[in-house]
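# A structural walkthrough
Residues per chain are reported as follows:
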Amino acid sequence: MAGSVGGGGWPAGGSATPALRSNGSAVCIYKDMFFTYPINLYELNILLKILVDEVGLEEVPDVIQNYHLCIVKNRLIDSDIIAKASQMKVIMQYGVGIEGVDVNAATEHKIKVARINGSTTGNAVSCAEMAIYLTLGILRKQVLILGFGAIGVEIAKRIRPFGVKILATKRNWSAETLPCDIDELVDKKGGPEDMYEFTGEADIVITCLLLSNETGSYLVNIARGHILDYDAVFDHLKSGHLGGLGIDVAWTEPYDPEDPILKFSNVIITPHTAGVTEYSFRAAAKVCTNSSKCP
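Please read all numbers here as calculations on a predicted model, not as lab measurements.

Rules used in this analysis
In every chain, residue numbers begin from 1 and rise along the written sequence. Two thresholds apply to this predicted model, a pLDDT of at least 70 for residue-level local features and 80 or more for giving and counting side-chain atom pairs, whereas whole-chain, interface and lining totals are computed over all residues. Only hydrogens and water are set aside when side-chain values are computed; all heavy atoms of the structure are taken into account. The set of buried Ala, Val, Leu, Ile, Met, Phe, Trp, Tyr and Cys residues whose side-chain atoms join them within 4.5 Å is what this entry labels a nonpolar core. Only protein chains enter the accessibility calculation, which uses a 1.4 Å probe. A residue is then buried if its area is under 20% of the maximum for its type, exposed if over 50%, and partly exposed in between. The secondary structure listing takes helices from DSSP runs of H or I that are at least 4 residues long and strands from runs of E that are at least 2 residues long, numbered from the N terminus. Only four residue types enter the charge count: Lys and Arg as positive, Asp and Glu as negative, with His and the chain ends excluded. Basic side-chain nitrogens of Lys or Arg form a salt bridge, by our definition, when they fall within 4 Å of a carboxyl oxygen of Asp or Glu. Pairs were defined over the aromatic rings of Phe, Tyr and Trp, the Trp ring being its six-membered one, requiring ring centres within 6.5 Å. Orientation was assigned from the angle between planes: stacked under 30 degrees, edge-to-face over 60, tilted for the rest.

## A closer look at the nonpolar core
- Judged by nonpolar contacts, the single largest core of 29 residues is most densely connected at Ile 145, Phe 148, Ile 155, Ile 206 and Ile 222.
- Per element, the largest residue contribution to this core is seven residues, and it comes from helix α6 (residues 123-136).
- Judged by nonpolar contacts, the second largest core, of 21 residues, contains Leu 167, Leu 209, Leu 242 and Trp 251.

## Some words on the side chain of Asp 194
- Tracing the sequence through the fold places Asp 194 in the loop between β9 (188-190) and α8 (195-201).
- Among buried charged residues, Asp 194 stands out as having no salt bridge; its nearest opposite-charge side chain is Lys 188, 7.8 Å away.

## Overview of the packing of aromatic side chains
- On inspection of all chains with the given rule, the structure shows three aromatic pairs.
- Seen in terms of ring centroids, Phe 234 and Phe 264 are 5.6 Å apart; in terms of plane orientation they differ by 65 degrees. Their pairing is edge-to-face. Taken together, the positions of Phe 234 in helix α9 (residues 230-239) and Phe 264 in the loop between β12 (242-247) and β13 (267-269) put the pair 30 residues apart, joining distant regions of the chain.
- Phe 234 gets classed as partly exposed once you look at its relative accessible area, which sits at 23%.

## Observations concerning the pattern of salt bridges
- All told, the structure shown has seven salt bridges when counted by the stated rule.
- One salt bridge in this structure joins Glu 154 and Lys 157, with 3.7 Å as the shortest N-O distance. Of this pair, Glu 154 and Lys 157 both sit in helix α7 (residues 150-159), three residues apart, which is roughly one turn of that helix.
- Look at Glu 154 and you get buried, because its relative accessible area is 16%.
- Since its relative accessible area comes to 39%, Lys 157 is described here as partly exposed.
- Residues Asp 187 and Arg 160 are paired through a salt bridge, measuring 2.7 Å at the closest nitrogen-oxygen approach. Of this pair, Asp 187 sits in the loop between β8 (165-169) and β9 while Arg 160 sits in the loop between α7 and β8, placing them 27 residues apart in sequence.
- Each of Glu 129, Glu 154, Lys 157 and Arg 158 takes part in a single network of salt bridges with overlapping partners.

Rendered as structure tokens:
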């Protein structure tokens with residue numbers, strides 16, 4: 001049941017959604033409202049060895065009881081839908097956050113909720129490349145990466161050759177939480193409490209944070225739209241305090257083409273496609289295949 005959980009709201013209706021049935025034992029509903037998948041249904045059929053149904057997003061509440069596996073992208077999976085999912089075993093989030101799924105309701109119904117790790121699918125790499133693309137459009141010489149996880153590390157690797165000074169925040173800097181030795185990548189390390197101090201020093205801020213209750217110059221956001229305060233961003237763009245904005249996520253998705261923020265000439269926006277690659281969807285399909293084999 002698909003769609004990429006975006007920074008804005010999750011639409012309750014939309015385009016047709018292919019439901020992928022695995023020998024009558026697992027299903028994934030896989031369609032996005034904003035772009036065409038780089039893997040066609042025939043390829044998915046071969047990869048997952050499944051039959052293909054067609055289900056509209058608006059029909060999901062009426063048919064969810066037939067399915068065992070669900071891949072979430074752009075639809076909010078709330079407690080009402082979960083209560084109807086009588087055969088559901090696993091709800092799998094494609095992407096980083098799982099705020100689009102009511103985890104407590106799923107737990108009550110003994111449904112497992114998981115996410116597909118970005119390092120496994122290549123999502124972290126493609127998101128990092130999108131951040132670099134947006135950053136180069138407004139580049140200066142000092143960059144702050146808020147949230148130095150898998151995506152943050154990949155961003156640092158790619159932007160370092162441009163001669164920038166890199167500041168980064170992370171809750172835990174212990175070696176076991178990092179994929180590599182980052183001493184050569186980061187000039188100044190801090191925790192969440194250093195965010196405001198570091199923002200004052202940076203020319204560009206890139207947010208790679210999960211959306212939570214805890215979560216400037218030039219600003220790039222590839223994480224979640226609601227991490228940024230809309231009114232504050234608008235006011236600072238208008239005053240000139242914010243010199244430029246590059247975003248792959250919006251406050252509402254699909255974003256409103258008449259949004260006043262999009263009228264500024266120093267704003268670059270892409271339609272939440274940072275993680276959309278043929279490789280990532282193929283890898284996600286393999287992960288879901290393994291999940292569907294679980295008891």
